[in-house]
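A closer look at the structure
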Amino acid sequence: MFCRNQRSRVTVARGSALEMEIRRGRCRLSLLADSPQDTEIQRKMERELRLREGACKLLAACSRREQALEAAKSLLVCNSRVLAYMAELQRRKEAQVLRRTARRPSDAGPTDERLPCRGTVCISDLRIPLMWKDTEYFRNKGELHRCAVFCLLQLGAEIHDTPMVLVDRTLTDICFESAVLFSEAGPDFELKVELYSAGLAGGSAQGSTPRKLATRLSTSLGRSSGKRVRAAMDGAPGSPPGNGGTSPLLLPAPSVPGPKFHLLAHAVLSLAEVQDGFRTHDLAIASNEESSFWLPLYGSMCCRLAAQPRCMAAPVTSGFLRLQPGAEAQSGARLYCVLRGTDLLCYHDPGEAEAGLEPALTIAVNKETRIRAAEREGRGQPHGMAVTNRYGGEEVTHTLLAESRAEAQRWMEAFWQHFYDMSQWKQCCDELMRIEVPPPRRPPAMLPRQGSLYHEMAIDPSDDIEAVTDILTQRAGGRVPGTPPWLSLFEEPPLHATPSGRATSPSPPARRPWGRPRTLSLDAKLSTLKGRGARRAAPPQHPLPHGSSSSSSGSSSPAMEHDHPGPLQSQV
Amino acid sequence: SYFIFFSFQQRIEIHKLRQGDNLILGFSIGGGIDQDPAQNPFSEDKTDKGIYVTRVTEGGPAEVAGLQIGDKIMQVNGWDMTMVTHDQARKRLTKRNEEVVRLLVTRQSLQKAVQQSMMS
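Residues numbered from 1 in each chain as written. Chains lettered and ligands numbered in written order. Predicted model: local features only at pLDDT ≥ 70, side-chain atom pairs only at ≥ 80, totals over all residues. Heavy atoms only, no water.

1. Observations regarding the environment of A:E403
Residue and element names in this part refer to chain A. Along the chain, E403 turns up in the loop between β19 (394-401) and α9 (405-425). Sequence separation of E403 and R322 is 81 residues, and the distance between their C-alpha atoms is 7.7 Å. Within the local environment of E403, its side chain forms a polar contact with the side chain of R334, the two groups lying 2.8 Å apart. (Helix = DSSP H or I, 4+ residues; strand = E, 2+ residues; numbered from the N terminus. Polar contact = N/O pair within 3.5 Å; in protein donor to acceptor, adjacent residues only side chain to side chain.)

2. Description of the confidence of the model for chain B
Residues and elements named next belong to chain B. Across chain B, the average pLDDT comes to 83, with 82% of residues at 70 or higher. Confidence drops under a pLDDT of 50 for residues 1-5, and excluding neighbours within four residues, the segment shows 22 contacts in the predicted structure. Taken as a whole, residues 110-120 scores under 50 in pLDDT and shows 34 contacts with residues more than four places along the chain or in a different chain. Interface confidence for the predicted complex, given as ipTM, is 0.83, next to a pTM of 0.56. (pLDDT = per-residue confidence, 0-100. Contact = heavy atoms within 4.5 Å.)

3. Examining the state of the cysteines
Residues and elements named next belong to chain A. The final tally for this structure, using the stated rule, is zero disulfides over all chains. Left unpaired, C428 is separated from the closest cysteine sulfur, that of C429, by 6.3 Å. Classification of C428 as buried rests on a relative accessible area of 1%. (Disulfide = S-S within 2.5 Å. Buried < 20%, exposed > 50% of the residue type's maximum accessible area, 1.4 Å probe, protein only.)

4. Details of the pattern of salt bridges
All names here are of chain A. Taken as a whole, this structure holds 22 salt bridges over all chains when the rule is applied. Its salt-bridge partner being R91, residue E88 comes within 2.7 Å of it at the nearest N-O pair. Of the two residues, E88 and R91 both sit in helix α3 (residues 65-101), three residues apart, roughly one turn of that helix. Relative accessible area serves as the criterion here: at 43%, R91 is assigned to the partly exposed category. Between R304 and D276 there is a salt bridge, and its shortest N-O distance comes to 2.6 Å. Here the residue R304 occupies a position in strand β12 (residues 300-309), and D276 occupies one in the loop between β9 (262-269) and β10 (278-282), the gap between them amounting to 28 residues. You can call D276 partly exposed: its relative accessible area is 43%. Taken together, the salt bridges that share partners define one network made up of R47, E48, K73, R81 and D161. (Salt bridge = Lys/Arg side-chain N within 4 Å of Asp/Glu carboxyl O.)

5. Section: the pairing of strand β14 (residues 334-340) of chain A
Residues and elements named next belong to chain A. For β14, a buried count of five out of seven residues is recorded, marking the element as mostly surrounded by other parts of the structure. The pairing of β14 with strand β15 (residues 343-347) spans five bridges and is classified as antiparallel. In the strand pairing of β15, V338 is matched with L345. Here β14 hands over to β15 after two residues, with G341 in that stretch at a positive phi of 60 degrees. (Pairing = 2+ DSSP bridges.)

6. Digging into unusual backbone geometry
Residue and element names in this part refer to chain A. In this structure, D125 takes a positive phi of about 55 degrees despite not being glycine. Along the polypeptide, D125 turns up in strand β2 (residues 119-129). One non-glycine residue, K426, adopts positive backbone phi at about 45 degrees. Relative to the helices and strands, K426 is located in the loop between α9 and α10 (465-476).

7. What to know about the packing of aromatic side chains
Residue and element names in this part refer to chain A. Counted according to the given criterion, the structure contains four aromatic pairs over all chains. Arranged with centres 5.3 Å apart and planes meeting at 65 degrees, the rings of F320 and Y336 form a pair that is edge-to-face. You can see F320 sitting in strand β13 (residues 317-323) and its partner Y336 sitting in strand β14, a full 16 residues away along the chain. Classification of F320 as partly exposed rests on a relative accessible area of 22%. Judged by relative accessible area, Y336 falls into the buried class, the value being 16%. (Phe/Tyr/Trp six-rings, centres within 6.5 Å; stacked < 30°, edge-to-face > 60°.)

8. Quick notes on the confidence of the model for chain A
Residue and element names in this part refer to chain A. Mean pLDDT for chain A: 70, with 56% of residues reaching 70 or above. Looking across chain A, the model is least confident in helix α4 (residues 203-206), with a mean pLDDT of 41, and most confident in strand β4 (residues 158-161), with 95. Ignoring residues within four places in sequence, the model shows residues 233-254, a span with pLDDT below 50, making 25 contacts including any to other chains.

9. Some thoughts on the pairing of strand β6 (residues 72-76) of chain B
For a regular strand, side chains alternate in direction, first toward one face of the sheet and then toward the other. Residue and element names in this part refer to chain B. Of all five residues making up β6, four are buried, and the element is well covered by its neighbours. Examined bridge by bridge, strand β5 (residues 51-56) and β6 share two bridges and lie antiparallel to one another. Each residue of the ladder has a partner; that of I51, found in β6, is I73. As paired strands, β6 and strand β8 (residues 100-107) are joined by four bridges and run antiparallel to one another. Paired with V76 across the bridge in β8 is L103. In this structure, β6 lies alongside strand β7 (residues 79-80), joined through two bridges in antiparallel fashion. Paired with Q75 across the two strands is D80, which belongs to β7. Between β6 and β7, which pair antiparallel and follow one another directly, the connecting turn spans two residues, one of which, N77, has a positive phi of 50 degrees.

Written as structure tokens, this is what we have:
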């Protein structure tokens, strides 16, 4: 439904309201990916969606709990990132629209507003204390209440996740030590810290492998057995949904199976919380004792939140200035000056600055410093700056002359910007805060491997295949006399041809001793599942011959492919 | 259930490649108001009679410019391509005096995936 002259439309919702809009119903977002930054976000979003698909597939196929938890975590992280990117694009679109409509001559004020410099924000040594009491919270006495937790850290459209930690009564604090950096923060940043948790009951409720396999098999049978088993299971609790009975039941449920993470607590940190040291912050707790994912949080969180604005971390500007002779009897030397952080460093030449030697002169440039333009004697044109600081009880002024009027203006502008940055970044400009760049974290191998889904269905040697068949037999309401219980499962070949064209498997003869838990039919069925997944992932391709040679004939007639049995196509 | 249609519009600038007497772009198109839209494997809406990219020659000018299979062509050098016959579309792309074509395309590859992502 793309109508002619479709332009980009902007919806009014933003941030979490956007999320609500999406969840409420149809929501159409049409975005013009014009600028390189928009294309960049689009690329990132496509990547997250691909990862998300991978995580879904893995979640549906894996049976080991740690794998399922990692996949569920990836899912949540990918979802959050997609929403963050969408909100960012939304925001940019709205800003663009506002800019276009805001050009009114009556608007007073400068057309270029001064913007504060960006900075790097670093959060590290996260510690969330727990408060286990002697009184029992949990109904199952004797069973250790465990949860898997991790944190999402979001600043702007950038979301980082911490590694996952398993928490039980033996842990007094949840700790995430490694540092997370955000490199394009403004002084008005909001760093959202969210703690997600998934309840882990004991082994049985989660779904042991035999149980999961039984569920998988009972919903993935061939046509006749499927009908039979389904007929036997109809009316039984937990029977899989029917779909008209003409085709085998496919993977169950529109929702993604497996463990699910829920928001347990969150906090929002901003510039006011930045400090070169540890601080405690309040946590807003999002659930209560009834939830399976609940943990007894003390209610606060400790961390180190540091920020390095660019104006402190890197040189703002540099150039040659001449120090006017003053009370210190300086000879009016020409100095190479570098404005950086809280100082103006003056060297004899650029080489010294580069070599990192001690500057010949250091003039403080901080919140207390006053700078005014210095004029060439009487001519009224700014030619330099007078920098006044108070040292103890004394006021000291250095007068620095630029080499031209343009240079003087450049320096003044640099100083104004620097003072503005310092006023915005506040305590971050008192002193440069130390930020350690963390070593790159090895990403968890969560993308679906090229190997077969077959290998994901790991069956422990300790899991007896009989456990599977016992469960199925119980569900079907009893044992067929005279035959092994599992025989009925393998009488029909799988319905779908596999993409590799693997032949359907013969059923094993009756009473054959069960050597390996993996059967031929199971193998074929699982590769069907894999094939189906692979087909979904790849875009449909028309099987056309490569026509690059056909246009070299030099004829003016178009290369229409009429002989191809499909819709008309033209090569251009 | 809820879903979201996500269509990214992209501007693609293709510099045609001279092959003998012809200027080629290196892709194939399907669709048109005189064609059967139900046969289009790339469209979300099976009544969509727009022009779609059905193939992209590897290493050709279109691929180099970033055109992708499945893209729907909305405009070519300002000419509308959403309400044209198949032949009109082909002609607008293969004008002999034009060495560069600027396409406005809609990329729909995200739609289904975004649908799923919003459902959990």
